[in-house]
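Spelled out, the chains give:
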Amino acid sequence: RFHHTSTSHCCSCSKTISDGKYQDPFQLGRKDLKNLYEDIKKELLVSAAELKEMCDYYFDGKGKAFRPMIVVLMARACNIHHNNSKEVQASQRSVAIIAEMIHTASLVHDDVIDDANSRRGKRTLNQIWGERKAVLAGDFILSAASVALARIGNTTIVSVLTQVIEDLVRGEFLQLGSKENENERFAHYLEKTFKKTASLIANSCKAVSILGCPDPKVHEIAYQYGKNVGIAFQLIDDVLDFTSCADHLGKPTAADLKLGLATGPVLFACRQFPEMNAMIMRRFSKPGDVERARKYVLQSDGVQQTTYLAQRYCHAATREIRKLRPSPEREALVHLTEMVLLRDK
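The structure presented is a predicted model; accordingly, all values stated were derived computationally and were not measured. (Residues numbered from 1 in each chain as written. Predicted model: local features only at pLDDT ≥ 70, side-chain atom pairs only at ≥ 80, totals over all residues. Heavy atoms only, no water.)

**Focus: the overall build of the protein**
Summing up its helical and strand segments, the protein has 17 helices and 2 strands in all. Taking 345 residues into account, the globule formula puts the C-alpha radius of gyration at 20 Å, and the protein, at 20 Å, falls close to it. Taken along its principal axes, the extent of the C-alpha atoms in the protein is 55 × 55 × 35 Å. In the protein, which comprises 345 residues, the proportion classed as buried is 54%. Considering only intrachain contacts with a sequence separation of at least 6, the fraction spanning at least 24 residues in the protein is 75%. Per element, the accessible surface of the protein, about 15300 Å² overall, is 52% carbon and sulfur. With 48 positive and 41 negative side-chain charges, the protein shows a spacing of 3 Å between the two charge centroids. (Helix = DSSP H or I, 4+ residues; strand = E, 2+ residues; numbered from the N terminus. Rg over C-alpha atoms; globule rule 2.2 N^0.38 Å. Buried < 20%, exposed > 50% of the residue type's maximum accessible area, 1.4 Å probe, protein only. Contact = heavy atoms within 4.5 Å. Areas by Shrake-Rupley, 256 points an atom, 1.4 Å probe, with all protein chains shown as cover. Lys, Arg positive; Asp, Glu negative; His and termini not counted. Charge placed at Lys NZ, Arg CZ, Asp CG, Glu CD.)

**Notes on the side chain of S204**
For S204, the location among the structural elements is in helix α9 (residues 182–212). By relative accessible area, which is 1% here, S204 ends up buried. A polar atom in the side chain of S204 sits 2.6 Å from the backbone oxygen of L200. For S204, the contacting residues outside a window of four places in its chain are V71, V95, A99, L161 and S199. (Polar contact = N/O pair within 3.5 Å; in protein donor to acceptor, adjacent residues only side chain to side chain.)

**Thoughts on α9**
The end-to-end C-alpha separation of α9 is 42 Å, in line with the 45 Å expected for 31 residues at 1.5 Å each. When the local axis directions of α9 are compared, the greatest deviation, roughly 60°, occurs at A198. Among the 31 residues of α9, 24 are classified as buried, and the element is accordingly described as predominantly covered. (Expected span 1.5 Å × (residues − 1). Bend = angle between axes of the 7 residues up to and from the residue.)

**Re the packing of aromatic side chains**
Tallied over the full model, the rule gives 7 aromatic pairs. Ring plane angle 40° and centroid distance 6.5 Å describe the contact between Y37 and F59, whose orientation is recorded as tilted. One end of the pair, Y37, is in helix α2 (residues 36–43); the other, F59, is in the loop between α3 (49–58) and α4 (66–83), with 22 residues separating them in the sequence. By the burial criterion, Y37 is buried, and F59 matches it. Between Y57 and Y58 the ring centres are 5.3 Å apart and the planes differ by 50°, which places this aromatic pair in the tilted class. The exposure classification of Y57 matches that of Y58, with both residues buried. Members of the aromatic cluster, connected to one another through ring pairs, are Y57, Y58 and W129. Directly above the aromatic system of Y223 lies the positively charged group of K206, at a separation of 5.7 Å from the ring centroid. (Phe/Tyr/Trp six-rings, centres within 6.5 Å; stacked < 30°, edge-to-face > 60°. Lys NZ or Arg CZ within 6 Å of the ring centre and 35° of its normal.)

**Focus on the state of the cysteines**
Counted by the stated rule, this structure contains 0 disulfides. We note that C213 lacks a disulfide partner, and the nearest cysteine sulfur, in C78, lies 6.5 Å from it. (Disulfide = S-S within 2.5 Å.)

**Describing the pattern of salt bridges**
On inspection of all chains with the given rule, the structure shows 17 salt bridges. The partner of K42 in a salt bridge is D39, with the nearest N and O atoms 3.5 Å apart. Placement of both K42 and D39 in helix α2 is noted, with a separation of 3 residues, approximately one turn of the helix. What makes D39 buried here is its relative accessible area of 18%. Across the pair R322 and E331 runs a salt bridge whose closest N-O atoms are separated by 3.2 Å. Look at E331 and you get buried, because its relative accessible area is 6%. One salt-bridge network, in which partners are shared between bridges, spans D39, K42 and R93. (Salt bridge = Lys/Arg side-chain N within 4 Å of Asp/Glu carboxyl O.)

Right, dumping it as structure tokens:
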């Protein structure tokens, strides 16, 4: 269904960035994200020195703050659309902080589940402090995010963002399972991708749109933009697991295969190399499975097909966000879809 003959990693989204309206999302979002990590650390105030050190470990200001940036840009775009307001509300900025906290807590827990030893180019919490303490640190970050969420004092926002936590858990369970049927398998993969990655972006975007604008149509635009960008982001992540070197990525490559996971490039490659089916069902557990599967993927058009699918999701995101009134933030969100496709780590 997603067949495409192009082998180019380049996307055609650049056509949508027009006549000098180019906006760098990171530059535009910087003002609203100033002191983001300091503010997160304030939410994590705790007297136990070791727990504080663990919580601060990933909030070192060196992350890209990709999710908070999308959230503040969406907040501004929706505010301008509604009443031409140029300011981000305090409650909207809180959503950006909460999104980063939920995301980081999920990474801490993921690393425990995957027994990962590196993340963002440094050792994981579970490697340094052990699995038990890492789980508790993730729980603590999540509980602090919940306290910050309650402080916003809006039951609709609480409902929207707690959906993210439910989706994260359900997504992790989906990842532990696999499907025999090829079509079901791809649907299973996309559902897992939505729940584990895209739900956070989609629902955070929706939350700030609710806080900034009463129109349900705008809430749906924000949600659909976040959902499509989130899925595209993960699809490219899955491509980079095959095409990027470990030093550049900040984590080991072919990591998903080693965990027994069949991502987009593998599922597409399977159509050209049906012998991969047996490997997928045994989760690449036999000696030599990981290397063979990696070779099959690189011989197939799996990487190109997955990239093309990511392009389709980015085009859908662009179509949605263009329904809002023009603004620098809207253009930055358009440009962000291209950055998602062209990133190399």
